[in-house]
Amino acid sequence: MAPEKNQKRCKGVQVFRPFVFGSNAKLFDPTTNPKPANTPEDHTHSWEVFVKGVDDTDITYWCKKVQFKLHESIPNPVRTIENVAPGAPFRVFETGWGEFEIAIKLYYVQESGEKPQTFYHHLRLHPFGTTDEEKEAMRQSPCIKSWVYEEQLFNEPYDGFFDLLTSPLDRSKAGGGKGGKGKGTKVMRGGMVGSTGERTALLPLASRPGQPFSRETEKAEIKKLQEAKGKVDEMVKEVQRELRDAEEEIKRLREEAKAA
Ligand code: SLL
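Along each chain, numbering runs from 1 in the same order as the chain's sequence is written. With the structure being a predicted model, the display of local features is reserved for residues of pLDDT at least 70 and the display and counting of side-chain atom pairs for 80 or more, all residues being used for whole-chain, interface and lining totals. Hydrogen atoms and water are omitted, and side-chain values are computed over all heavy atoms in the structure.

Per an unreviewed UniProt entry, the chain is named Protein AF-9 homolog, and its organism is Amylocarpus encephaloides. UniProt positions are given in the numbering used here, feature names are shortened, and annotations may be inferred rather than shown by experiment. UniProt, in the comment section headed Subcellular location (unreviewed entry), describes the chain in these words: "Nucleus".

Below you can see the structure in the form of structure tokens.
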């Protein structure tokens, strides 16, 4: 939808807002995760798919609603979630037996003038990972989590939307309920004061249980990438050495053949 009349775009400005999407799944188990009444016989797991802010920050000032398109075998597969409280996730709970691709469509607030955007999440019910250790750790865990950190970019936003993006949360609407103070406020590990429902593009300094994305994990990821790059550079050098040796060998053989 178009923003209000006479609005100009902020030239050369790009605003990003981090968010997380993904799924959590649990195997039914009589003691730890009992099957709710009336769950079909063949359903083996309960699961949820969600879109939310990092560390429960607010995304509702730019994301108005989220549509989750589930597998056609599920009753009413298109689920639209809106009117969530700042800091609360957009999410759908379900039960089932199989993994599939979920189409997630983000609808932006009217002020943005942005068209909806779709991306995909593969619902995971079973342990996965690239290494045996990763898979084993998941096997031990009571919940199969498949979470993705993402950044929403707003390129040259309209003036009004830029103001909305960059103005602080109206405390009266904060997650803490009436008055907005108190319940929603927490001190994050690492010394930052944050609030459930806060509007921010900052990542928390450190991770905490259930909140894996932080500057700490970002640093660890960068280190892993740098190490991998170091290894690739080394492999490239090795191949270049082999190539040089092979070229020298060809040259030597050619000269030998010429002399013969
Ligand atoms: C598979 N391609 O074969 C996938 C399909 C479908 C999952 C998975 C049904 C839930 C319901 C359900 O779990 N479908 O009956 O409500 O693995």
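That covers the picture; the talk isn't over yet.
A word on the layout of surface pockets. It is a probe the size of a water molecule, rolled over the atoms, that shows where empty space is left. In this structure, the largest pocket encloses a volume near 780 Å³. Lining the largest pocket we find 20 residues, and of these Trp-147, Pro-212, Phe-213, Glu-221 and Lys-224 sit closest to its centre. For the purposes of this entry, the term helix denotes a DSSP run of H or I that reaches at least four residues, the term strand denotes a run of E that reaches at least two, and both are numbered from the N terminus. Among the elements that take part in the lining of the largest pocket, strand β8 (residues 144-155) stands out by supplying five residues, more than any other. Buriedness of a pocket was judged along seven lines, with at least five required to meet protein on both sides within 12 Å; pockets are open sets of points on a 1 Å grid over the protein atoms alone, cavities are sets where a 1.4 Å probe fits but cannot get out, and lining residues have an atom within 4 Å of a point. Grid points are joined across faces, edges and corners, and a volume is the space filled by probe spheres set on the points.

Okay, unusual backbone geometry next. At Asp-55, a residue that is not glycine, the phi angle is positive and equals roughly 55°. Tracing the backbone shows Asp-55 in the loop between β2 (45-52) and β3 (63-69). The phi torsion at Asp-56 lies on the positive side, around 60°, for a residue other than glycine. Residue position: Asp-56 is located in the loop between β2 and β3. For Asp-56, a relative accessible area of 21% corresponds to the partly exposed category. Only protein chains enter the accessibility calculation, which uses a 1.4 Å probe; a residue is then buried when its area is under 20% of its type maximum, exposed when over 50%, and partly exposed in between.

This paragraph deals with the side chain of Glu-48. Counting through the fold element by element, Glu-48 comes out in strand β2. The criterion used for residue contact is that any of the two residues' heavy atoms lie within 4.5 Å. The contacts of Glu-48, once residues within four sequence positions are left out, are Gly-22, Ser-23, Asn-24, Arg-91, Val-92 and Phe-93.

Within a pair of aromatic rings, the relevant descriptors are the distance that separates the centres and the angle that separates the planes. A pair of Phe, Tyr and Trp rings is counted when the ring centres sit within 6.5 Å of each other, with Trp represented by its six-membered ring. The angle between the planes then sorts it: under 30 degrees is stacked, over 60 is edge-to-face, the rest tilted. Counted by the stated rule, this structure contains eleven aromatic pairs. With a centroid separation of 6.0 Å and 50° between ring planes, the pair formed by Phe-19 and Phe-119 is classed as tilted. Of the two residues, Phe-19 is situated in strand β1 (residues 14-27) and Phe-119 in strand β7 (residues 117-122); the sequence distance between them amounts to 100 residues. As far as the burial class goes, Phe-19 and Phe-119 line up, both buried. Between the aromatic rings of Phe-21 and Phe-119, the centroid separation amounts to 4.6 Å while the plane-to-plane angle is 50°, which identifies the pairing as tilted. You can see Phe-21 sitting in strand β1 and its partner Phe-119 sitting in strand β7, a full 98 residues away along the chain. Of the two residues, Phe-21 and Phe-119, both sit in the buried class. Here the aromatic cluster, defined as three or more aromatic residues joined through ring pairs, consists of Phe-19, Phe-21, Trp-62, Tyr-108, Phe-119, Phe-154 and Phe-161.

Let us now look at the UniProt feature "coiled-coil region" (unreviewed entry) in the chain. UniProt records the feature "coiled-coil region" (unreviewed entry) at residues 222-260, using the numbering of this structure. Helix makes up 97% of residues 222-260 and strand makes up 0%, while its end C-alpha atoms are separated by 57 Å.

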